[in-house]
Structure formats: structure tokens, C-alpha cells
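Close look at the chain arrangement
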Amino acid sequence: MHEVGLAFDIVAIASEFAEKNGGSEIFGIELEVGECCGVMCEALEMGFVSARKETVAEHAELRIVRVPGVLQCMQCGRERPAEYLAEPCPECGSASRRIVSGREFRLKSIEMR
Amino acid sequence: MAEQVDGGLLHVDVELDVLSRNDSVAARNRTFFREQRIVALNLMSSPGSGKTTLLEQTIRWFAAANEAAAPSISVIEGDQQTKNDARRIREAGASAVQVNTGDGCHLEASMVARALELLKPPSGSFVMIENVGNLVCPSMFDLGETARVVVISVTEGEDKPLKYPNAFLSADLCVINKIDLLPYLDFDLAALRGNILAVNPDIEIVEASCRQENTSWMQWLLAQSQRLEAENVGC
């Protein structure tokens, strides 16, 4: 359940950013969450409900944009969905691969007043 | 970039990593370790894989090996509750600071930074950071470590690396522990090795038992120390 702590971090980062940019209340937080970044969105959403209480983000909605996990074979270059990390390349059988996308965990934007 | 949206709200691009706060503290920890020529290891595993016992024995082996040449070891112990592990480490002869995370399931860089202030590890030493026993959450948080070590024991399933790949994916070394128990178990060591390498083809693997001196584990530790010395000379 590291997502609860992360939800508090999200509120803190968004609040600090809003304050620095002349905002007094946050109504929306847009988050990019990669499929391979180790975050469970449902738990994050649940944590966010607690984290936003009595902050400038009290009425903020959390919008999560999922980024698909994509692996690239280091041998033949073929890209494939990162459903199971340990599966070898279906093209050449190599186990060597890198994660090209899906590790994102970014606060993209906020809506504030 | 900011733009007006409906209802007089302002849409502002932020573009910040959520882990940026942790990562900046981790970067400071890493700089401290590098400047002090300290090898800092982040040890991750399920509860009960034998991390603490391996550390106790490592401290004793280091002390017995060669007092003049062996670097000293100090330990940061991460557990949800109790000071048991720090006490065990001190009884084995090393300094230890216990970090209790309460409900937290992992260590973060700021916890390590605070523990280092208390621990005051000497230059050229080892700092072992024993993470909270959990194969899922700790792998997400950079502590500023020199290297990551994942420990798995042969009393666990061969397919654990496939089920919980992130800890194995992010580790530099995997210690297969409790191998002295192999004669009593139906455990397929070759299958475990295959699964570890399927998740992370670049990982190094050593086998260990706390009932026998582990030369390969000790050699790996000393190699980390020598590598750090060589890097510092290179600077």
C-alpha cells in the first residue's frame, strides 16, 4: 500500500506548485501512470481521497492517464506489450529486453483558481 | 504553460515526477556514499528469507577474516515494528540504527538520510540497508544505494521471480539463501536460476547459507569495495 503515501506526495507537490503560481484552490490533478511503474491506480485513487482532505486540493478530481507498458527486444528490436516481464521475445526468443514505456509516474498538470 | 479553461479555471502544466522528492534525497545520499567511499547496499526480500541472519554472519565473517583489511559494516534496519533486528546486529558486533516504518511497507530515501545522521558510518565502510520484508513496494524507491541485492531462500517458490518481477528486475545481485536446506526440500534450483535470469538477464547470482562461510557472497562484497576504490582513483 505504498500508494497511500504516494497520494499524499501528489497532493503536496500539486499544492506547492499551485501556491508558487498564484493558485489558492486546486480542482483537478492530471497524472500519468505507466503500467510498469509499480503503482496500482485503484489504491492510489483511494489514498487520494484521504490525502486531499483539508488541503487546497480538497475538491480536486484525480484524472489518471494510463501509459501502456512496451518492451523492446535488445536482440531483434521487436516491440511487444509488457504484460509479463519474464516472457522471451516471440520473434527471436531472446530474454534481453528494455522497457521503452510504462515507467512513467508524473504529475502532468493541475487545474486551479 | 497556463491556459484558461471553463469556469475561470486555469490549466497549468506541471510535468514533475511524483517520486522527484524521494529521488532528490536519494541523490544526496548517493553523493554522500560516493564521497565517503562507502558501499551502500539496499537488501530486499520477502519476510523470512534470512536477510538479518545473513548480515549477522557477514559481520562475523568479516571480523574473523582479517581485522586489518576488512572494511567495517554498519546496518540500517527497516521493519514496521520492533527493534529486534538492530539488537541482533549490534550483538553480532556492528553499529545499527533501527527504522520503524509503522504502517509503511518500504524504506524511503529520507528515512535513510536520517538514519545516516545517527549511524555516522566511517569512510571506506559498508552500509547495509535492510529494507522492510516485502518484494513489491521497496523496489520502487531509490535510497541512493551503490547496488541493490535481492535475497530469495530455497524455502520459497521457484516461480517467485516471475510472480514478483520488479525487485529482481531492479537488483544487481540475487542471493539464493538457505541452500543448506536443499537436501530436505523438493526444490528445483535450476528452475529458480532460470526464472531469475528470465526476469533480469544481467543480474549476478550467488548461493548462500548462514551455516557455512559464503565465499562467493564475500567475494562479491569485496569486489564492490574494490570497484568503488578504482572509480575514486579514476576521478
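Details of the structure are given in the entry above.
The paragraphs below set out a description of the structure included in this document. (Residues numbered from 1 in each chain as written. Chains lettered and ligands numbered in written order. Predicted model: local features only at pLDDT ≥ 70, side-chain atom pairs only at ≥ 80, totals over all residues. Heavy atoms only, no water.)

1. What to know about the interface of chain A and chain B
Accessible area lost upon the coming together of the parts serves often as the stated size of an interface. Threshold: Residues are treated as being in contact if the distance between any of their heavy atoms lies within 4.5 Å. By definition, the buried area sums, over both parts, the 1.4 Å-probe accessible area that each loses when the two are put together. Salt bridges, as used here, are contacts in which a Lys or Arg side-chain nitrogen is within 4 Å of a carboxyl oxygen on Asp or Glu.
Listed by partner, the interface residues are 31 residues for chain A and 29 residues for chain B. In total, about 2,700 Å² of surface goes out of reach between chain A and chain B, with carbon and sulfur atoms giving 61% of it. The largest per-residue losses of area from chain A upon contact with chain B belong to H2, I13 and R106 of chain A, which jointly make up 20% of the total buried on that side. Counting across the interface, chain A meets chain B through four salt bridges. For R106 of chain A, the salt bridge is made with D17 of chain B, and the minimal N-O distance between the two is 2.9 Å.

2. Focus: the sheet that holds strand β8 (residues 173-177) of chain B
Residue and element names in this part refer to chain B. Our working definition: Strands pair, by our definition, only if DSSP identifies at least two bridges between them. Strands here are runs of E lasting at least two residues and helices are runs of H or I lasting at least four, both read from the DSSP assignment and numbered beginning at the N terminus. Axis definition: a line fit to C-alpha positions, over the contact stretch in the case of helices; interaxial angles, taken between N-to-C directions, run 0 to 180 degrees.
Across the sheet, seven strands lie side by side as β5-β4-β6-β3-β7-β8-β9; this open sheet has parallel pairing. Edge positions in the sheet fall to β5 (95-100) and β9 (204-207), since each has one partner strand and no second. Each strand axis lies, on average, 20° off the axis of its neighbour in the sheet, ignoring direction. Sheet topology note: the β8/β9 ladder contains four bridges and is parallel. Residue pairing across strands places L173 opposite E204, the latter belonging to β9. Relative to strand β4 (residues 73-79), helix α2 (residues 51-65) is tilted by about 170°, and along the sheet it contacts β3 (39-45), β4, β6 (126-130), β7 (147-153) and β8. Set on the sheet, helix α4 (residues 109-119) makes contact with β4, β5 and β6; between it and β5 the angle comes to about 145°.

3. Digging into the sheet that holds strand β4 (residues 79-81) of chain A
All names here are of chain A. Ordered in space as β4-β3-β5, the three strands form an open sheet in which the pairing is antiparallel. Two strands close off the open sheet at either side, each with one partner strand: β4 and β5 (97-101). Between one strand and the next, the sheet's axes are offset by a mean angle of 35°, whatever the strand orientation. Both strand β3 (residues 70-73) and β4 contribute to a ladder of three bridges, which runs antiparallel. Within β4, the position partnered with L71 by the bridge is R80.

4. Details of the packing of aromatic side chains
Residue and element names in this part refer to chain B. Operational definition: Put simply, two rings from Phe, Tyr or Trp (the six-membered ring, in Trp's case) pair if the centres are within 6.5 Å, and we call them stacked under 30 degrees between planes, edge-to-face over 60, tilted for the rest. In this scheme, a residue with accessible area under 20% of its type's maximum is buried, one over 50% is exposed, and one in between is partly exposed, where area comes from a 1.4 Å probe on protein chains only.
Enumeration over the complete set of coordinates arrives at three aromatic pairs over all chains. Look at F62 and F126: their rings are 5.6 Å apart centre to centre, the planes differ by 80°, and that puts the pair in the edge-to-face class. Of this pair, F62 sits in helix α2 while F126 is found in strand β6, placing the two residues 64 residues apart along the sequence. Each of the two residues, F62 as well as F126, counts as buried. Ring geometry for W217 and W220: centres 6.2 Å apart, planes at 5°, overall stacked. Placement of both W217 and W220 in helix α8 (residues 215-234) is noted, with a separation of three residues, approximately one turn of the helix.

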